[in-house]
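# Topology and contacts: notes
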Protein chains: 2
Amino acid sequence: MAKPRQARLTPQEVSELPELDDESGTLWDDRLGPVARGLLTSAVRCFASNGFHGTTTRDIASVVGLSPAALYVYFPSKELVLYEVIKTGHIRALESISSADLQSIADPTEHLRAMVSRYTEFHATHHVIARVCQYDLAALTSQHYDEILQLRHETNNVFRAVVARGVETGDFADVDVKRVARAMLSLGIDLVRWYRREGVETPEQIGQFNAEMALKMVAK
Amino acid sequence: MAKPRQARLTPQEVSELPELDDESGTLWDDRLGPVARGLLTSAVRCFASNGFHGTTTRDIASVVGLSPAALYVYFPSKELVLYEVIKTGHIRALESISSADLQSIADPTEHLRAMVSRYTEFHATHHVIARVCQYDLAALTSQHYDEILQLRHETNNVFRAVVARGVETGDFADVDVKRVARAMLSLGIDLVRWYRREGVETPEQIGQFNAEMALKMVAK
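Keep in mind that what you see is a predicted model, and the values were worked out from it rather than measured.

Calculation notes
- Residues numbered from 1 in each chain as written.
- Chains lettered and ligands numbered in written order.
- Predicted model: local features only at pLDDT ≥ 70, side-chain atom pairs only at ≥ 80, totals over all residues.
- Heavy atoms only, no water.
- Least-squares fit on C-alpha atoms with pLDDT ≥ 70 in both.
- Contact = heavy atoms within 4.5 Å.
- Buried area = accessible area lost by both parts, 1.4 Å probe.
- Salt bridge = Lys/Arg side-chain N within 4 Å of Asp/Glu carboxyl O.
- Polar contact = N/O pair within 3.5 Å; in protein donor to acceptor, adjacent residues only side chain to side chain.
- Helix = DSSP H or I, 4+ residues; strand = E, 2+ residues; numbered from the N terminus.
- Buried < 20%, exposed > 50% of the residue type's maximum accessible area, 1.4 Å probe, protein only.
- Expected span 1.5 Å × (residues − 1).

### What about the relation of the copies chain B and chain A?
With an RMSD of 0.0 Å, chain B superimposes on chain A once it is rotated by 180 degrees and translated 0.0 Å along the axis. Both copies are brought into coincidence by an operation consistent with a two-fold rotation axis. The overlap is high: 100% of the interface residues of chain B also sit at the interface in chain A, so the same surface is used on both sides.

### Here's the deal with the interface of chain B and chain A
In this assembly, 42 residues from chain B lie in contact with 42 residues from chain A. Carbon and sulfur atoms supply 58% of the area buried between chain B and chain A, which totals about 3,800 Å² over both sides. A salt bridge links Glu201(B) to Arg182(A); its shortest N-O distance comes to 2.7 Å. Run the count over chain B and chain A and you get 12 residue pairs in polar contact (both at pLDDT 80 or more).

### Observations regarding the environment of Gln134(A)
Mapped onto the elements of the fold, Gln134(A) is located in helix H8 (residues 127-135). A relative accessible area of 10% places Gln134(A) in the buried class. Distance in space between the C-alpha atoms of Gln134(A) and Ile189(A) is 8.5 Å, their sequence separation being 55 residues. Apart from residues no more than four positions distant in its own chain, Gln134(A) is found in contact with Arg152(A), Ile189(A), Tyr135(B) and Arg193(B).

### Some words on the pattern of salt bridges
If the charged atoms of two oppositely charged side chains come close together, the side chains can form a pair. Across all of its chains, the model carries 22 salt bridges over all chains by this definition. In this structure, Arg197(A) and Glu23(A) form a salt bridge, with 2.5 Å as the shortest nitrogen-oxygen distance. Taken together, the residues span a long stretch of sequence, with Arg197(A) in the loop between helix H10 (177-194) and helix H11 (203-217) and Glu23(A) in the loop between helix H1 (11-16) and helix H2 (34-50) at a distance of 174 residues. A relative accessible area of 29% means that Glu23(A) is categorised as partly exposed. A salt bridge links Glu95(A) to Arg92(A), with the shortest nitrogen-to-oxygen separation between them at 3.2 Å. Within this pair, Glu95(A) and its partner Arg92(A) are both found in helix H5 (residues 78-98), separated by three residues, close to a single helical turn. When its relative accessible area of 23% is taken as the criterion, Arg92(A) is described as partly exposed. Among the charged side chains, a salt-bridge network with shared partners connects Asp176(A), Arg179(A), Arg182(A) and Glu201(B).

### Here we look at the environment of Asp21(A)
Residue and element names in this part refer to chain A. With respect to the secondary-structure elements, Asp21 resides in the loop between H1 and H2. Given the relative accessible area of 32%, Asp21 is considered partly exposed. Here the alpha-carbon distance between Asp21 and Leu185, two residues 164 residues apart in the chain, equals 23 Å. In contact with Asp21, other than residues within four places in its own chain, are Arg45, His127 and Arg197. For Asp21, the side chain forms a polar contact with the side chain of Arg197, separated by 3.1 Å.

### As for helix H9 (residues 142-169) of chain A
Residues and elements named next belong to chain A. The end-to-end C-alpha distance of H9, which contains 28 residues, comes to 40 Å, matching closely the 40 Å that a straight helix rising 1.5 Å per residue would cover. Where H9 is concerned, the buried positions are His144, Tyr145, Ile148, Leu151, Arg152, Thr155, Val158, Phe159, Val162, Val163, Gly166 and Val167. The inward-facing, buried residues of H9 abut H5, helix H6 (100-103), helix H7 (108-125), H8 and H10. Just beyond H9, the residue with positive phi is Gly170, at close to 85 degrees.

Encoded structure:
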């Protein structure tokens, strides 16, 4: 649960909030230099705390000791910062469930179990960027929004394909594939609302639990 | 999915967004007069569009043709508007699952089915206020936040009690009551992220589907 507060947080406060402690800062594209990556990590925390419209480029820059003018060298607008954050979050989430080792699991039950575990663990381990990916989506330009929507469709399709395969092989019950896949995604995504690193459950434990729930959803 | 946009929306745009079409405006306390209720309905749409920090009291007031000064007659601060919105949303959600007709259902399976349906339907029918209840919670003062946390605990407890009773009677499997109840809440709450009235599924259809998923989670 986020720390209660009424006023907008200062950049200094944002950088010290324990509930914003996660691994989002490890996800950035390797082609970006350390300053750009530091700006993105700062931006994730600012957006998660105050929202896109409640965050200024000055806030983002000041956490890493830069001026707003210096930020514009790397990102010509605040929306481009948000776009890079949301694009990266969605690409990494999609990568977490479409890696070769997962795709090579022959048994539909074990494939579903591994996929739901990985997707859940991704959202717990990177819950701050994952929250921005959900809550600030509407602040993107139409063009960027459409790009992200494409990544979301691809993610949905990975879930649907795994459920559909198990239905076809007869390992799963004859379920409504689209709606069951959506329910599985809901379990993974909803944790960004309440997960905090200082809680009692590890990402792996929540992943295993969600995988069990997913298997029950398709049980014959 | 919210309409993509980059700039903050004007109050006029906010009042016309089709994705903000829901029944939130029917939930307000009867003791409030029509102007106060109109302000709260306007506030829900403004917060859902631009976030608490991206909304001004001028925005809220102008949708109903008032000045910020007139708003302060009813609500002495923007935070008090948010508090009234979030408190009402949580109370009504709790009422939806704790009414006498629900509590009198003797069969644990039918009780769980009805509860999950009602909770889901509430979130679909009032998805705009429900979104504000989740996304803007951290903008409350500590005291107001603690009050809302109490309502959330009560809601959790209603879900846990229904699951626990079915486990005790042997109608349900011997599940981890807290985590299973949390997963059922996730299915209901997560729809505020994607539900729109113009979609193909009615609140009742989503309610029935989530109830089926909940029953699978406790199936022996």
